[in-house]
Amino acid sequence: MDQNEFIKLIKKNFINVDKLFFDNIEKYKIVLQNYANKFNLSKLINEDKIYSEYFYNSIISYSKINFNEITTVLDIGSGSGIPGVIIKLIYPHIKLTIIEATTKKVEFLKILMSELNIKANIINKRAENISTDEYETFDLVTSRAVAALKVLLEISAPYCKTNKYIVEPKSIKASDELLASSKIIKLLNLKLIDEIKFTSENEYFHDVLIFKKLAKTNHKYPRSWKEIIK
C-alpha cells in the first residue's frame, strides 16, 4: 500500500480526517524509519508495510466507533504508538493515556509525541499494577495484539468507567477467544454489545469485539500476572 492508496482508504472510512492528519502521518512514518533500529521497532523500515500493516490495519478496526461520546482513551501496550496515537491524530479532542511496560518503547513514544506536537499521558508500568485512583477512569480502553482476550479483559476492565467501552480488535480466532473468556466476562460485569467482522482492502481479516461495562469492577481484579496467566 503506497501513500496515495492509504489516503484514499482513510478518507473513505473516516469522514473527519483533514490535511493535518496526513501531514502528521508522514512525520510519524519518518520517525518510525529513523528510530526503528535504535528502539528495536522491527520491520518498520519498508514504506509500504508502514502504510498497510502498521497504520492502516491498526486504525481501520475503529472506523465504526462513535468517538463523539468518547473523551478519555487508554491504550494498553501501545508499543510504538498503535492504535492510540493514530486515534489521537484522527480525533484530537480525546485525552490519550498510554500504558507501556517496555522502557525503551516509552522513550520512543516521548520522542514521537514531541515530533508530532501532541500530548499524551505515557505511563511506564505493567497494566495489571493498577493504583486505586485509576479504577473507572476511561471512556474507552483498548489494546492491539498484546495478549489473549481473557487476559486483556481482566487487565482492561478495571480502568474502564461503568457504562463505557472496551474495544478489542482480534483476528480469525476471535470466536475461540470469546468462548475461553466467558467466565471472566461475567465476573468483570461486561457485556459483548457488538462484533464487527470484515476484511479490509488489504485482505486482512478484522473481528472487532466491543464490550460495555455494566457495573463497577471488584478491586480484586486485575489479579497478579502470575494468577492471570494461570
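Here the structure is shown first, and the text comes after it.
First, a word on scope: everything that follows refers to the structure included in this document. (Residues numbered from 1 in each chain as written. Predicted model: local features only at pLDDT ≥ 70, side-chain atom pairs only at ≥ 80, totals over all residues. Heavy atoms only, no water.)

## Focus on the pairing of strand S7 (residues 205-213)
Regular strands place side chains that alternate from one sheet face to the opposite one. By the criterion of burial, S7 is predominantly enclosed, with 7 of the 9 residues buried. Sheet topology places strand S5 (residues 160-170) next to S7; 6 bridges connect them, and they run antiparallel. Among the inter-strand pairings, Val167 is bridged to a residue of S7, identified as Ile210. Two elements, strand S6 (residues 190-199) and S7, share 9 bridges in a ladder whose sense is antiparallel. Note on S7: the bridge partner recorded for Leu192 is Phe211. What sits between the antiparallel neighbours S6 and S7 is a turn of 5 residues, in which Glu203 has the positive phi angle 65 degrees. (Buried < 20%, exposed > 50% of the residue type's maximum accessible area, 1.4 Å probe, protein only. Helix = DSSP H or I, 4+ residues; strand = E, 2+ residues; numbered from the N terminus. Pairing = 2+ DSSP bridges.)

## As for the sheet that holds S6
Sheet architecture is open: 7 strands sit in the order S3-S2-S1-S4-S5-S7-S6, paired in mixed fashion. Here the strands that pair on one side only, and so sit at the sheet edges, are strand S3 (121-124) and S6. Pairs of neighbouring strands in the sheet enclose a mean axial angle of 20 degrees, with direction left out of account. Packed on one face of the sheet, helix H6 (residues 149-156) meets strand S1 (72-76), strand S4 (138-143), S5, S6 and S7 and runs near 155 degrees to S5. (Axes fitted to C-alpha atoms, helices over the stretch in contact; angles between N-to-C directions. Contact = heavy atoms within 4.5 Å.)

## Notes on the packing of aromatic side chains
Enumeration over the complete set of coordinates arrives at 13 aromatic pairs. Aromatic side chains Tyr28 and Tyr54 sit 6.1 Å apart centroid to centroid with 90 degrees between the ring planes, which places their arrangement in the edge-to-face category. You can see Tyr28 sitting in helix H2 (residues 19-35) and its partner Tyr54 sitting in helix H3 (residues 47-59), a full 26 residues away along the chain. By relative accessible area, Tyr28 is classed as buried at 0%. Taken together, the ring pairs connect Phe6, Phe21, Phe22, Tyr28, Tyr51, Tyr54 and Phe55 into an aromatic cluster. The positively charged end of Arg126 is found above the aromatic ring belonging to Trp225, 4.8 Å away from the centroid. (Phe/Tyr/Trp six-rings, centres within 6.5 Å; stacked < 30°, edge-to-face > 60°. Lys NZ or Arg CZ within 6 Å of the ring centre and 35° of its normal.)

## Focus: the pattern of salt bridges
Per the stated rule, a full pass over the model turns up 10 salt bridges. The residue Arg126 makes a salt bridge to Glu128 at a minimum N-O spacing of 2.5 Å. Overall, Arg126 belongs to the partly exposed group, its relative accessible area being 37%. Its relative accessible area of 9% is what places Glu128 among the buried residues. One salt bridge in this structure joins Lys161 and Asp139, with 3.1 Å as the shortest N-O distance. Linking Lys161 in strand S5 with Asp139 in strand S4, this pair joins segments that are 22 residues apart in sequence. Residue class for Asp139 comes out buried when judged on its relative accessible area of 3%. Here the salt bridges do not stand alone but share partners, grouping Glu26, Lys29 and Glu47 into one network. (Salt bridge = Lys/Arg side-chain N within 4 Å of Asp/Glu carboxyl O.)

## A closer look at the pairing of S4
The buried count for S4 comes to 6 of 6 residues, which makes it a mostly enclosed element. Across 4 bridges, S1 lies against S4 in parallel orientation. Residue Leu74 lies in a different strand from S4, and its bridge partner there is Val141. Examined bridge by bridge, S4 and S5 share 4 bridges and lie parallel to one another. When the sheet's bridge partners are listed, Thr142 is paired in S5 with Val167. Regarding topology, H6 serves as the crossover connection from S4 to the parallel S5, and that connection is right-handed. (Right-handed = clockwise from strand over helix to strand, strands pointing away.)

## Some points on the packing of H2 against helix H5 (residues 103-116)
Between H2 and H5, whose axes approach to 10 Å, the crossing angle comes to 145 degrees. Taken as a pair, H2 and H5 cross one another with a handedness that is right-handed. Residue-level contacts link Asn24, Lys27, Tyr28, Val31, Leu32 and Tyr35 of H2 to Phe108, Ile111, Leu112, Glu115 and Leu116 of H5. (Left-handed = near helix turned anticlockwise from the far one by under 90°.)

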